[in-house]
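Examination of the molecular architecture
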Amino acid sequence: RRMPRSFEIPLPREASRLQILNLMLKEQNMDSGVYKFLPKLAKTTRGYSGSDLKEVCRAAAMEPIHEIMAEASRKAVMGETAGVLEDENIDSNIRALTVDDFEAAIQKVKRTGQEANAYGRAVEAQSNSVSEEAMMRKAMAMMKTLSMAQGVEQTDSDEIPEI
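Before going into details, it helps to say that this report is about the structure given with it. (Residues numbered from 1 in each chain as written. Predicted model: local features only at pLDDT ≥ 70, side-chain atom pairs only at ≥ 80, totals over all residues. Heavy atoms only, no water.)

1. Quick word on the overall build of the chain
- Looking only at helices and strands, one finds six helices and zero strands in the chain.
- Secondary structure elements of the chain occur, N-terminal to C-terminal, as α-α-α-α-α-α.
- Expressed as a percentage of contacts within the chain between residues at least 6 apart in sequence, the contacts between residues at least 24 apart total 75%. (Helix = DSSP H or I, 4+ residues; strand = E, 2+ residues; numbered from the N terminus. Contact = heavy atoms within 4.5 Å.)

In structure tokens, the structure reads:
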């Protein structure tokens, strides 16, 4: 269910983005270089919402999985079915996340906060212009009614006068 009002929540600053990234990644198996890279990632992700950052982390975590699936597909095509995607092998085969995984994720996940904000402003501007036209038509109708009451001759024009 939608809320009847909207609230503007500012996008997280760099320090907040770093905290969000650390929180999202605290349980992840990561290469030691990633810990040094996270402040740079926080700086790079200016304009990203908390949801965008979560998606970046998810996309980075999927990179090793995609590699496993690609290898399994290759083996299946080659007819090497033994050991492909067996439950006991999956956990041990997943490598630690690397800086490259996060760089790939940034290429895939774009910020939505500013685009959504810009879209909202465009929709609002469009609805305002429609509302102004409707108000002008009402004003014209009121002017016709007043002039008829005063006995002024009318034209049948529905045109909105240029201001």
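Still more ground to cover, so stick around.
2. Description of the side chain of Ser49
- Tracing the sequence through the fold places Ser49 in the loop between α2 (32-44) and α3 (50-78).
- Ignoring sequence-local partners within four residues, the contact set of Ser49 consists of Leu11, Pro12 and Thr112.

3. Thoughts on helix α5 (residues 99-108)
- Along α5, the residues that are buried comprise Asp101, Phe102, Ala105 and Ile106. Each buried residue of α5 sits inside an arc of 135 degrees when the element is viewed along its axis, so together they form one side. Facing away from the buried surface of α5 by more than 90 degrees, the exposed residues are Asp100 and Gln107.
- On the buried face of α5, the contacting elements are α1 (14-25), α2 and α3. (Buried < 20%, exposed > 50% of the residue type's maximum accessible area, 1.4 Å probe, protein only. Arc of directions from axis to C-beta.)

4. Quick look at the environment of Glu71
- With respect to the element layout, Glu71 can be found in helix α3.
- Here Glu71 falls in the partly exposed class, since its relative accessible area comes to 35%.
- Here Arg74 takes part through its side chain, which lies 2.7 Å from a polar atom of the side chain of Glu71. (Polar contact = N/O pair within 3.5 Å; in protein donor to acceptor, adjacent residues only side chain to side chain.)

5. Concerning the packing of α1 against α2
- Running from amino to carboxyl end, α1 crosses α2 at an angle of 125 degrees, the nearest separation of the two axes being 8 Å. Regarding the angle of α1 to α2, the classification is oblique. In this structure, α1 meets α2 at a crossing whose hand is right-handed. Between α1, through Glu14, Arg17, Leu18, Leu21, Asn22 and Leu25, and α2, the contact on the second element is made entirely by Leu38, Pro39, Leu41, Ala42 and Lys43.
- Looking at the contact of α1 with α2, its residues break down into seven nonpolar, one polar and three charged. (Axes fitted to C-alpha atoms, helices over the stretch in contact; angles between N-to-C directions. Parallel < 35°, antiparallel > 145°, perpendicular 65-115°, else oblique. Left-handed = near helix turned anticlockwise from the far one by under 90°. Nonpolar A, V, L, I, M, F, W, Y, C, P; charged D, E, K, R; others polar.)

6. What about the pattern of salt bridges?
- With the rule as written, the count across this model stands at five salt bridges.
- Here Arg74 and Glu71 are joined by a salt bridge, their closest N and O atoms 2.7 Å apart. Remark: Glu71 and Arg74 occur in helix α3; sequence separation between them is three residues, near one turn of the helix.
- Among the charged side chains, a network of salt bridges with common partners joins Glu67, Arg95 and Asp101. (Salt bridge = Lys/Arg side-chain N within 4 Å of Asp/Glu carboxyl O.)

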